[in-house]
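# Coordinate analysis (summary)
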Amino acid sequence: MQTENVLEMQGICKSFPGVRALHNVSFTLRKGEVHGLMGENGAGKSTLIKVMTGVYEKDAGHMMVEGKPIHFRSPEEAQDFGVGTVYQEITLCPNLTVAENMFIGRGRYAFVNWKRMKEKTTQLLGSFGIPARPTQQLSSCSLAVQQMIAIARAMDMDCKILILDEPTSSLDEDEVRKLFSLMRELKSRGVGIVFVTHFLDQVYEISDRITVLRNGELIGEYDASSLSQFELVSKMMGKALEDVSQMKRREPSARDGGEPVLEATGLSSAAGVRPFDFTIRKGEINGFTGLLGSGRSESVRAIFAADKVTGGEIKMNGKKVKISEPIHAMKLGIGYLPEDRKGDGIIADLSVRDNIVLALQVLKGFFKPLSRKQAEAFAEEYIEYLKIKAPSTSTPITSLSGGNQQKVILARWLLTHLQYLILDEPTRGIDVGTKVEIQRLVLKFAEDGVSVTFISSEIEEMLRTCSRLIVMKDRAIVGELTGENLTETDIMHVIAG
Amino acid sequence: MARMKSYGSQLFLPLSVLAILILVNLIKGSSYFSISIINGALYGNIPNILFGASELVILAIGMTLVTSSAGSQDLSVGVAATITSAVFVWVLLSAGKITWITILAAFLASCVVGILIGTFNGALVAALNVQPIVATLIVYTAGRSIAFLIDGKLSPILANNLTYEIGSEIPGVPIQTPIILTAVFVVLFAVLLRTTNLKLYSQSVGINQRAARLNGINPVRIKFLAFMIMGVCTAVAGFIAVTKAGRHDSVNLLKDIEMDAILAVAIGGSSLYGGKFSITGSIIGAYTIEVLNRTLLRLDVDPDAIKAFKAVFIIILMVIASPAVRELAGNGTKWVRDRLGGAVQIPTAIGEDAAVDPKSDISAKKEV
């Protein structure tokens with residue numbers, strides 16, 4: 001049997017000052033296969049992909065595309081050889097139109113044929129079933145749609161090698177299904193697809209083979225059909241991990257009947273969520289669930305006044321309070337970990353230390369700065385407590401992996417000793433190990449008496465952590481599930497109405 | 001990427017430029033550092049540089065703060081200082097008698113006007129979201145005419161001992177007064193940074209306004225504050241400039257200094273797109289510009305051609321500081337280090353993901 005390798009990489013090494021990102025890694029991609037690239041954060045997946053796409057130059061090793069040795073010096077060069085990429089975070093231009101984004105940086109011409117561009121875009125959007133208009137500004141599309149546009153763009157570039165780095169992390173199930181059917185279509189046309197994801201189920205659903213990296217080294221290449229999910233996880237973690245799905249569901253405790261911490265009535269916001277009522281008790285973990293765009297994020301943002309509040313009342317510990325700015329919520333002991341880590345969460349260039357102490361510092365006030373020593377002590381305490389992997393407290397937060405950035409933001413809120421913590425997709429786009437860790441932490445906070453609202457696209461995760469789920473549809477609450485009714489099927493029934 | 005560098009290497013550029021300039025001066029004549037005492041006051045190149053750069057240092061400090069939080073520059077600083085100093089002269093001369101008290105009163109009045117101008121700029125930028133360069137262009141355009149009107153269409157003269165002593169030296173004090181005033185200002189500003197969260201807040205707002213707000217910071221208030229502090233800076237700079245000159249020339253006072261102030265911030269290693277900043281860097285940058293001006297004079301460059309020479313120098317400087325050259329230099333040092341077997345430690349701190357993503361800046365800059 002002859003299978004043609006469209007991409008071959010041998011003995012790839014890549015180092016950064018102080019970090020050995022890749023060491024002697026090999027990778028092959030066949031024509032017409034989907035190849036899952038798996039590993040924890042910091043395993044070297046991103047670096048390997050960036051070597052493939054010419055973002056980084058490799059320090060050592062060989063690379064061949066369709067049997068020809070090549071050496072990419074820039075992403076443009078890689079593009080010319082038919083390597084297309086869709087990155088984890090959307091790297092299009094939010095303030096340009098959909099059509100412009102579709103064709104930006106692709107033309108070799110000085111002039112633009114706007115009419116043709118528009119027609120072509122309309123046709124592309126139509127063929128992929130993407131609900132967007134060519135003249136629409138990209139930022140007005142939902143994250144999911146933006147992601148699909150990025151994929152359509154890459155697919156339109158006649159690529160032989162398509163690299164999808166976490167393409168599904170912001171898509172709902174329906175959209176994932178659409179994406180997978182597109183991937184199968186491309187597969188049948190002979191395109192080799194590298195698929196990076198943290199969703200184990202998805203890897204198995206679509207991949208032919210799986211390559212596992214750990215700490216910058218190749219662990220192995222396997223046929224997806226002969227590698228069990230449990231084996232895969234232990235290879236990624238480097239140790240036999242207790243099966244993630246075996247994690248015990250939280251037992252309902254006496255606390256669930258405790259005093260309400262926060263009660264909202266008729267709350268609505270400028271982000272378009274319909275007036276809703278909401279209560280959370282001391283030490284309770286509840287969650288908002290629903291399809292993407294159902295209004296779950298908008299609801300919690302309304303509680304924290306992250307979007308402009310347009311109506312409703314909030315009682316905190318039985319007393320009526322006014323929350324019209326995030327600072328008011330913070331002063332009442334509420335913390336909010338936003339869905340969009342990069343845009344709303346981290347302060348990019350600042351150090352891990354500054355990012356950890358930020359909320360506490362703001363609560364203390366403008367005229368009461370923490371001393372360098374105090375800040376250092378706090379940062380170190382929480383780096384240790386949450387096991388944040390950071391070279392030092394002065395490292396810029398952007399040089400940490402996504403999971404560790406998320407933990408820094410978690411640390412930021414824990415430091416304020418809050419009563420109520422809102423976590424919007426805290427586990428999105430981070431590795432399995434950290435995911436489990438964050439779920440455990442959430443359970444621990446609740447033990448300590450903190451109330452938590454937890455939102456996740458992975459219903460499994462919510463079922464494991466939450467004792468009450470509020471189901472949303474079309475920006476309104478359509479149901480609430482507790483106890484025995486907390487199952488995936490019940491949620492589906494409520495959503496389907 | 002230029003913003004990822006550590007604090008130490010941030011000061012590397014301005015310090016090395018300063019060192020090169022001083023070296024050039026030493027080659028030209030070894031007496032560069034010599035200081036003589038005439039009539040109990042210090043004279044020499046170094047006192048001259050410190051004296052000459054006073055206003056620029058103060059304005060560069062304010063510019064750094066505005067740049068950090070607003071992500072853009074204030075073009076009106078030189079003109080605003082001309083207005084505040086016009087107010088100072090007007091109040092002082094209308095008071096009739098010139099005493100320490102009337103000088104103080106006039107100075108405070110000029111500070112109030114400076115803060116008002118800052119409030120005006122701040123309102124446009126922070127509350128109405130006008131681009132800072134456009135917003136400050138208003139005062140820049142109108143300011144010198146306003147100062148001329150305050151002056152009564154004249155060029156009033158400060159002919160008295162007290163203001164002379166402020167602008168040059170007080171008998172018995174070996175250091176010129178503007179140098180002392182600048183030092184006091186720098187110390188006060190350092191105290192401000194130490195006793196408040198100004199730095200953390202304005203950096204946060206400059207880097208990611210949305211995240212700053214979600215952490216309880218009010219971005220509008222911080223930008224306002226930056227422009228108001230800038231207003232105080234212009235008042236102090238105007239005060240020093242007019243006492244130095246001894247007369248208020250609303251056309252030429254502190255002409256074009258806003259460009260030097262911006263340049264000082266850039267040389268100091270702070271990004272002109274806002275966010276992280278180094279006040280020390282900006283101060284060194286300001287002195288560097290003064291040394292450059294004086295070096296060109298000392299090298300007998302035709303005074304008419306000085307600006308052209310200065311421009312050439314700035315181009316070289318900016319090319320050296322550009323990310324592309326930095327990367328080359330980084331590779332170069334890596335090459336050297338590899339050959340020396342890791343004996344030399346060069347401070348470059350770029351982590352795996354840090355170096356990658358120019359887009360992160362764009363998304364962080366996106367306003368709500």
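These lines cover the structure that appears in this document, whether it is placed above or below. The residue numbering used here restarts from 1 in each chain and proceeds along that chain's sequence as written. Naming scheme: in the order in which they are written, chains are lettered from A and ligands are numbered from 1. Residues qualify for local features only when their pLDDT is at least 70, as the model is predicted, and side-chain atom pairs are given and counted only at 80 or more; totals for whole chains, interfaces and linings, by contrast, use all residues. Values reported for side chains reflect all heavy atoms of the structure, with hydrogen atoms and water molecules removed beforehand.

## Some points on the overall build of chain A
- Helical segments are the DSSP runs of H or I of at least four residues, strand segments are the runs of E of at least two, and each set is numbered from the N terminus. A count of helices and strands for chain A gives 17 helices and 20 strands.
- In this setup the radius of gyration rests on C-alpha atoms only. A globule is expected at 2.2 Å times the number of residues raised to 0.38. The C-alpha atoms of chain A give 24 Å as radius of gyration, which agrees with the globular expectation for 497 residues (23 Å, within 12%).
- Along the first, second and third principal axes, the C-alpha set of chain A runs to 70 × 50 × 50 Å.
- Here the term buried applies to any residue with accessible area under 20% of the maximum for its type, exposed to any over 50%, and partly exposed to those in between, with areas from a 1.4 Å probe on protein chains only. Residues classed as buried in chain A amount to 57% of the 497 residues present.
- For chain A, the proportion of contacts with a sequence separation of at least 24, taken over those separated by at least 6, is 66%.
- Here the accessible surface of atoms and residues is derived via Shrake-Rupley with a 1.4 Å probe, and residues count as covered only by protein chains that are part of the display. Here chain A has roughly 21000 Å² of accessible surface; of this, 49% comes from carbon and sulfur atoms.
- Only four residue types enter the charge count, namely Lys and Arg as positive and Asp and Glu as negative; His and the chain termini do not. Charged side chains are reduced to one point each, which is NZ for Lys, CZ for Arg, CG for Asp and CD for Glu. Taken as two groups, the 61 positive and 64 negative side-chain charges of chain A have centres that lie 4 Å from each other. Residue contacts are defined here by distance: any two heavy atoms, one from each residue, within 4.5 Å place the two residues in contact.

## Topic: the pairing of strand S3 (residues 34-38) of chain A
Residues and elements named next belong to chain A.
- Among the five residues that make up S3, five are buried, leaving the element largely enclosed by the rest of the structure.
- Of the two faces of S3, the one lined by Val 34, Gly 36 and Met 38 and the one lined by His 35 and Leu 37 are each fully buried.
- Here a strand pair is declared whenever DSSP counts at least two bridges between the two strands. Pairing geometry for S3 and strand S8 (residues 192-196), over four bridges, is parallel. From the neighbouring strand, His 35 faces S8, where its bridge partner is Val 194.

## Digging into the sheet that holds S8(A)
Residue and element names in this part refer to chain A.
- Taking strand neighbours across the sheet as the criterion, the six strands line up as S6-S7-S8-S3-S9-S10 in an open arrangement whose pairing is mixed. Each of the sheet's edge strands pairs with one partner strand only, and the pair in question is strand S6 (83-86) and strand S10 (217-223). Between one strand and the next, the sheet's axes are offset by a mean angle of 20 degrees, whatever the strand orientation.
- As paired elements, strand S9 (residues 209-214) and S10 share six bridges and run antiparallel to each other. For helices, the fitted axis covers only the stretch in contact; all axes are lines through C-alpha atoms, and the angles between them, taken along N-to-C directions, range from 0 to 180 degrees.

## Things to note about the pattern of salt bridges
- Throughout this description, the term salt bridge denotes a Lys or Arg side-chain nitrogen within 4 Å of a carboxyl oxygen of Asp or Glu. Tallying each qualifying case throughout the model produces 26 salt bridges over all chains.
- A salt bridge links Arg475(A) to Glu298(A), with the shortest nitrogen-to-oxygen separation between them at 3.7 Å. Here Arg475(A) is found in the loop between strand S19 (468-473) and strand S20 (476-482), whereas its partner Glu298(A) is found in helix H9 (residues 296-304), with 177 residues between them in sequence.
- The partly exposed category is assigned to Arg475(A), whose relative accessible area is 27%.
- The closest approach of N and O atoms between Asp256(B) and Lys307(B), which form a salt bridge, is 3.2 Å. Taken together, the positions of Asp256(B) in the loop between helix H12 (219-245) and helix H13 (257-267) and Lys307(B) in helix H15 (residues 306-321) put the pair 51 residues apart, joining distant regions of the chain.
- Classification of Asp256(B) as partly exposed rests on a relative accessible area of 32%.
- Assessed through its relative accessible area of 60%, Lys307(B) is described here as exposed.
- Here the residues in one salt-bridge network are Arg301(A), Asp307(A), Asp340(A), Asp344(A) and Arg210(B), joined through shared partners.

## With respect to the interface of chain B and chain A
- Across the contact, 35 residues belong to chain B and 45 residues belong to chain A.
- By buried area we mean how much accessible surface two parts lose on assembly, using a 1.4 Å probe and totalling the loss over both. Where chain B abuts chain A, roughly 3500 Å² becomes buried across the two surfaces, and 59% of that area is made up of carbon and sulfur atoms.
- At the junction of chain B with chain A, the criterion picks out three salt bridges.
- Taking the shortest distance from any N to any O, the salt bridge between Glu325(A) and Arg213(B) comes out at 3.3 Å.
- Residues adjacent in sequence count toward polar contacts only when both atoms are side-chain atoms; beyond that, a polar contact is any pair of N or O atoms within 3.5 Å, and within protein one must be able to donate a hydrogen and the other to accept it. Applying the counting criterion to the chain B and chain A interface returns twelve residue pairs in polar contact (both at pLDDT 80 or more).
- Within the residue set of the side of chain B that touches chain A, elements represented by two or more residues are helix H9 (177-195), helix H10 (198-207), helix H11 (209-214) and helix H17 (359-365) of chain B.

## A short note on a nonpolar patch on the surface
All names here are of chain B.
- On the surface, Leu 23, Leu 26, Ile 27, Phe 33, Ile 35 and Ile 46 cluster together to form a nonpolar patch covering roughly 550 Å² of accessible area.
- For the nonpolar patch, the leading source of residues is helix H2 (residues 12-28), giving three residues.
- When you line up the elements, Ile 46 lands in helix H3 (residues 45-52).
- The class for Ile 46 is partly exposed, based on a relative accessible area of 30%. Patches were defined on residues exceeding 30% relative accessible area and lacking a salt bridge, with like-charge contacts within 9 Å and nonpolar side-chain contacts (Val, Leu, Ile, Met, Phe, Trp, Tyr) within 5 Å.

## Observations regarding the nonpolar core
- As used in this record, nonpolar core signifies buried Ala, Val, Leu, Ile, Met, Phe, Trp, Tyr and Cys residues forming a set joined through side-chain atoms within 4.5 Å. Within the largest apolar cluster, 164 residues are counted, with the highest numbers of intra-cluster contacts made by Leu262(A), Phe278(A), Phe304(A), Ile334(A), Leu410(A), Tyr420(A) and Phe88(B).
- Of all the elements, H12(B) adds the most residues to this core, at 13 residues.
- When near neighbours in sequence (up to four residues on either side) are disregarded, Phe278(A) contacts Leu262(A), Glu263(A), Ala264(A), Asn286(A), Phe288(A), Ile303(A), Tyr420(A), Thr453(A) and Ile470(A).
- Formed by 38 residues, the second largest nonpolar core is a distinct cluster that contains Val34(A), Val98(A), Met117(A) and Ile193(A).

## Some details on the side chain of Lys407(A)
Residue and element names in this part refer to chain A.
- Summarising the element assignment, Lys 407 is placed in helix H14 (residues 402-414).
- What makes Lys 407 buried here is its relative accessible area of 3%.
- Leave out the neighbours within four places in its chain, and Lys 407 touches Leu 386, Lys 387, Ile 388, Thr 434 and Glu 437.

## Observations concerning the sheet that holds S20(A)
Residues and elements named next belong to chain A.
- As summarised here, the arrangement of the six strands in space is S16-S17-S18-S13-S19-S20, forming an open sheet in which the pairing is mixed. Each of the sheet's edge strands pairs with one partner strand only, and the pair in question is strand S16 (334-337) and S20. Neighbouring strand axes in the sheet, compared pairwise and without regard to direction, differ in orientation by 15 degrees on average.
- For S19 and S20, the ladder comprises six bridges, and the chain directions are antiparallel. Residue Lys 473 lies in a different strand from S20, and its bridge partner there is Ala 476.
- Here H9 sits on the sheet and contacts strand S13 (285-289), S16, strand S17 (420-424), strand S18 (451-455) and S19; the angle it forms with S17, its principal contact strand, is near 150 degrees.

## Some words on the packing of H14(A) against helix H15 (residues 432-447) of chain A
Residue and element names in this part refer to chain A.
- H15 packs onto H14 with a crossing angle of 15 degrees between their chain directions and a minimal axis gap of 11 Å. In terms of orientation, H14 lies roughly parallel with respect to H15. Here H14 runs over H15; the crossing is left-handed. Side by side, H14 and H15 meet where Gly 403, Gln 406, Lys 407, Leu 410 and Leu 414 of the first sit next to Thr 434, Glu 437, Ile 438, Leu 441 and Phe 445 of the second.
- Under the scheme applied, nonpolar residues are Ala, Val, Leu, Ile, Met, Phe, Trp, Tyr, Cys and Pro; charged residues are Asp, Glu, Lys and Arg; polar residues are all the others, including Gly. Classifying every residue of the contact of H14 with H15 gives five nonpolar, three polar and two charged. Throughout, the term roughly parallel applies to angles under 35 degrees, roughly antiparallel to angles over 145, roughly perpendicular to angles from 65 to 115, and oblique to all others. Handedness of a crossing follows from how the near helix is turned relative to the far one, being left-handed for an anticlockwise turn of less than a right angle and right-handed for a clockwise one.

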